[in-house]
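# Coordinate analysis (summary)
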Amino acid sequence: MAALRFLALLSTGFVLLMLAFLLHVSHGRVEREGSREITGPEVPMAVGEVASWDLDFGGQRIDEAWPGVQRQPRLWLRGGGAGAVLEISASYRDRAGEPVLDALQAGTQRVTLGEAPVEVGALWLSYDHPLRVSIRCVEPGAGGAATPVLRGDPGEDFRTARTISRTVWMVFCAIGAASFALLLATTRGLFAVADDPSRR
C-alpha cells in the first residue's frame, strides 16, 4: 500500500511539473511572437535611390508572415543619420505585380530621420496580396543606411490570454510543489499513525 501511494504521488508530481514546464515553454513562444519585429533591407542614403521591400503577410516563412498575436502593423525607420529625408509609399500587389491597394493608411509619407526610430504610420493588414514598400532618399543624412522595421502592439485578446496563461502556470507550479512536499512527508512517515497500546 505504501509503495502504491509513493508511486501515485510521484507520478502526480512529475506530471504536474511537466505540464507547468510545457505551459511555460508555450507561453514564452507566444511572448516572442507578441514582440517580434520584421526588419527590411537597408535603404541607401543617396539622393534618388529607391529601396523596395517585398513581404507576404500570409507567407510560410516566419520572417515574412505577420504574427497573429499582434494587431495592425506599423512601419518604422531607424538609422540613416539625423536630418535624412525619405519618401515612403506602400501598396499591395496582384500576381502580375500591379498595385491594387494602397497599404499606408495616411498615403505616401515624407519623414525626416533623427537619432531615435521614426514612425512612418500604420499599414492596412492583408493576407491575400503581397506587400511592397518603396523608400526613396530625398536628402541624405550624416549617418549610414536606414532600415525599415515593421512591428505592432499585442491585441487585447493576447494580453488576456497571457494573463490567464501566467495564472495557470503559477497554479500548476504550486500544485506540483505541494505534491512533492506530500510525497516527502509520506516517505518519512510524518503522517504515520502511532500504535494504540490498548489495542494490544
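### Focus on the overall build of the chain
- Counting its secondary structure elements, the chain contains two helices and nine strands.
- Order of helices (α) and strands (β) in the chain, N terminus to C terminus: α-β-β-β-β-β-β-β-β-β-α.
- Counting every position in the chain, which comprises 200 residues, the buried fraction comes to 33%.
- Contacts in the chain between residues at least 24 apart in sequence constitute 80% of all its contacts with a sequence separation of at least 6.
- As displayed, the chain offers around 12,100 Å² of accessible surface, 58% of which is attributable to carbon and sulfur atoms.

### Some words on the side chain of Arg93
- Assignment of secondary structure puts Arg93 in strand β4 (residues 85-93).
- Put simply, Arg93 is tucked away with no salt bridge, and the nearest opposite charge, on Glu98, sits 5.9 Å away.
- Side-chain polar atoms of Arg93 contact the backbone oxygen of Gly97, separated by 3.0 Å.
- Apart from residues no more than four positions distant in its own chain, Arg93 is found in contact with Glu98, Pro99, Val100, His129, Pro130 and Arg132.

### Side note on the sheet that holds strand β7 (residues 118-122)
- Overall, antiparallel pairing links the four strands, which are arranged β1-β9-β3-β7 in an open sheet. On the outer flanks of this sheet lie β1 (38-39) and β7, each paired with one strand and no other.
- Summarising the sheet, β1 and strand β9 (residues 146-151) pair through two bridges and their orientation is antiparallel. The partner of Ile38 across the bridge, within β9, is Leu150.

### Concerning a nonpolar patch on the surface
- Taken together, the side chains of Phe14, Val15, Met18, Phe21, Leu22 and Val25 present a nonpolar region at the surface, about 560 Å² in accessible area.
- With respect to the helices and strands, the residue Phe14 is situated in helix α1 (residues 2-34).
- According to the relative accessible area criterion, Phe14 is exposed, its value standing at 52%.

Cut-off values and rules
Residues numbered from 1 in each chain as written. Predicted model: local features only at pLDDT ≥ 70, side-chain atom pairs only at ≥ 80, totals over all residues. Heavy atoms only, no water. Helix = DSSP H or I, 4+ residues; strand = E, 2+ residues; numbered from the N terminus. Buried < 20%, exposed > 50% of the residue type's maximum accessible area, 1.4 Å probe, protein only. Contact = heavy atoms within 4.5 Å. Areas by Shrake-Rupley, 256 points an atom, 1.4 Å probe, with all protein chains shown as cover. Lys, Arg positive; Asp, Glu negative; His and termini not counted. Salt bridge = Lys/Arg side-chain N within 4 Å of Asp/Glu carboxyl O. Polar contact = N/O pair within 3.5 Å; in protein donor to acceptor, adjacent residues only side chain to side chain. Pairing = 2+ DSSP bridges. Patch = residues over 30% accessible without salt bridge, like charges linked within 9 Å, V, L, I, M, F, W, Y side chains within 5 Å.

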